Amino acid sequence: MSETHGIPRAQDQLFAPRQSARAKFSALVIGRPGWGPLLKYELVQQLSQNVAGALGFALRKVMYPWLLGACGRNVLFGQNVVLRHPHKIRIGDNVVIDDNCLLDAKGDANGGITIGSGVFVGRNSILSCKNGDIHLADGANIGFNCEIFSASRVTIGRDTLVAAYCYVIGGDHDFSDPSQSVLTQGRRSAGVNIGAGAWLGAGARILDGVSVGDRAIVGAGAVVRESVPDAAIAAGVPARIVGQRDAAVGS
């Protein structure tokens, strides 16, 4: 069942009346009021975010965990990794967050982003919460230039491969009133669940309300509007079931 969420736009927060610039920035980026969280965030970003080479890796490995809700051992942050509402981001052991990624746990009623151990998030990828939650289970691999968006809950299963340029969209715009613009009608979300050991081919689009089963394969460029069973192979626009991995193994 879809849930309807009232999600403030970034520009509404940035241009809210009767708020200082510091308060607006803290609400949008840091997620906690006061000078303490702001100064800590600025210190970490200024001293480590853009530093190149081995020194940059070393600084971010030490300093980024200061901002996070939890951070395990041997976590590597690439150059220009951006954190928003970082106290709601939890990361396991032996994780790589590559260059230019955005981890955005924004929301006033959500749990945020949880990244399990052994996860790789490729460069230029975006994990974006709009009052939703994102969970990447142990061993998940997210290719470069991917976007995972959540207005309720999006789960990527254990050892699942998400190839480059994939979009997993756990939310949709309400467009039920034709007399109103889509932007003014809010957002609805049923969430997305990708099972363990699945493979999303390059450029696949997984739309809101879809479940992709364990060990399933989604072909490159597919647009998935309906759920895919365990071990099924889906391809096309819109995606259709074209095979079954279990049958192929048994033949």
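In case you missed it, the structure is sitting above this.
Everything in this summary refers to the structure shown in the same document. On a predicted model such as this, the values are computed, not experimentally measured, just so you know.

1. Topic: the state of the cysteines
1) Next: Overall, the coordinates contain 0 disulfides when judged by the stated rule.
2) Next: Here Cys101 is not cross-linked by a disulfide; its sulfur's nearest cysteine counterpart is in Cys146, at 9.5 Å.

2. Some thoughts on the nonpolar core
Nonpolar side chains tend toward joint burial in soluble globular proteins.
1) Next: Counting residues in hydrophobic clusters, the biggest one holds 54 residues, and the most contacted among them are Ile115, Leu136 and Ile206.
2) Next: With near-sequence residues (within four places) excluded, Leu136 lies in contact with Thr114, Ile115, Gly116, Val119, Val121, Leu127, Ile142, Ile148 and Ile156.

3. Here we look at the pairing of strand E14 (residues 153-156)
1) Next: As paired elements, strand E11 (residues 133-136) and E14 share 4 bridges and run parallel to each other. Residue pairing for E14: Asp133 is matched across the bridge by Arg153.
2) Next: Where E14 and strand E19 (residues 192-194) come together, 3 bridges link them in parallel fashion. For Ile156, the partnering residue across the bridge sits in E19 and is Ile194.

4. Overview of the pattern of salt bridges
1) Next: Taken as a whole and assessed by the stated rule, the structure comprises 7 salt bridges.
2) Next: For Asp104, the salt bridge identified is with Arg84, shortest N-O distance 3.7 Å. Residue Asp104 is found in strand E7 (residues 102-104), and its partner Arg84 is found in strand E4 (residues 82-84); the two are separated by 20 residues along the sequence.
3) Next: Asp104 gets classed as buried once you look at its relative accessible area, which sits at 2%.
4) Next: Its salt-bridge partner being Arg123, residue Asp99 comes within 3.6 Å of it at the nearest N-O pair. In this pair, Asp99 is assigned in the loop between strand E6 (96-97) and E7 and Arg123 in the loop between strand E9 (120-121) and strand E10 (126-129), connecting sequence segments 24 residues apart.
5) Next: Several salt bridges converge on common partners, so that one network encompasses Arg84, Asp104 and Lys106.

5. Considering the packing of helix H3 (residues 35-49) against helix H4 (residues 53-63)
Geometry of a packed helix pair, given as the angle between the helix axes and the separation of the axes.
1) Next: Between H3 and H4, the shortest axis-to-axis distance is 9 Å and the interhelical angle comes to 160 degrees. Taken as axis vectors, H3 and H4 run roughly antiparallel relative to one another. For the element pair H3 and H4, the recorded crossing hand is left-handed. Here H3 contributes Leu43, Val44, Leu47, Ser48 and Gln49 to the contact with H4, which in turn contributes Leu59, Arg60 and Met63.

6. Describing the pairing of E11
1) Next: Sheet topology places strand E8 (residues 113-115) next to E11; 3 bridges connect them, and they run parallel. Counterpart to Ile113 in the pairing with E11 is Ile134.

7. Points about the sheet that holds strand E3 (residues 76-77)
1) Next: Spatial ordering of the open sheet is given by E3-E6-E9-E12-E15-E20-E23-E25-E26, a layout of 9 strands whose pairing is mixed. Both outer strands of the open sheet, E3 and strand E26 (240-244), are each paired with one neighbouring strand and no more.
2) Next: Pairing of E6 with E9, which is carried by 2 bridges, proceeds in the parallel orientation. Of the residues in E9, the one forming a bridge with Ile97 is Val121.

8. A short note on a nonpolar patch on the surface
1) Next: On the surface, a nonpolar cluster with roughly 380 Å² of combined accessible area is contributed by Leu43, Leu47, Val62 and Trp66.
2) Next: When you line up the elements, Val62 lands in helix H4.

9. Observations concerning the sheet that holds E19
By way of backbone hydrogen bonds, the strands of a sheet pair with one another, either parallel or antiparallel.
1) Next: Spatial ordering of the open sheet is given by E2-E5-E8-E11-E14-E19-E22, a layout of 7 strands whose pairing is parallel. Unpaired on one side and paired on the other, strand E2 (70-71) and strand E22 (211-212) mark the two borders of the sheet.
2) Next: Bridge analysis of E19 against E22 gives 2 bridges, and the strand direction is parallel. Considered in E22, the bridge of Asn193 is made with Ser211.

Rules behind the numbers
- Residue numbers run consecutively from 1 along every chain, following the written order of its sequence.
- Only residues with pLDDT of at least 70 get local features here, since the model is predicted, and only at 80 or more are side-chain atom pairs given and counted; chain-wide, interface and lining totals rely on the full set of residues.
- As a rule here, side-chain values come from all non-hydrogen atoms in the structure, and water together with hydrogens is ignored.
- For this text, the term disulfide refers to a pair of cysteine sulfurs within 2.5 Å.
- For the purposes of this section, nonpolar cores are sets of buried Ala, Val, Leu, Ile, Met, Phe, Trp, Tyr and Cys residues that join through side-chain atoms within 4.5 Å.
- Exposed residues in this analysis have more than 50% of their type's maximum accessible area, buried residues have under 20%, and partly exposed residues fall in between, with area computed by a 1.4 Å probe over protein chains only.
- Only heavy atoms enter the contact rule, under which two residues are in contact if any of them lie within 4.5 Å.
- Here, strands pair whenever DSSP counts at least two bridges between them.
- Here a strand is any run of E in DSSP of at least two residues, a helix any run of H or I of at least four, and the numbering for each starts at the N terminus.
- Salt bridges, as used here, are contacts in which a Lys or Arg side-chain nitrogen is within 4 Å of a carboxyl oxygen on Asp or Glu.
- In this description, a line fitted to the C-alpha atoms serves as the axis of each element, helices being fitted only across the stretch in contact, and the angle between N-to-C directions of two axes falls anywhere from 0 to 180 degrees.
- Roughly parallel here means an angle under 35 degrees, roughly antiparallel means over 145, roughly perpendicular means 65 to 115, and every remaining angle is called oblique.
- By definition, any crossing whose near helix is turned counterclockwise from its far helix by less than a right angle is left-handed, and any crossing with a clockwise turn is right-handed.
- Residues with no salt bridge and a relative accessible area higher than 30% make up the patches, which join like charges within 9 Å and nonpolar side chains (Val, Leu, Ile, Met, Phe, Trp, Tyr) within 5 Å.
- Using a 1.4 Å probe, accessible areas were evaluated by the Shrake-Rupley method; residue-level cover was limited to the displayed protein chains.

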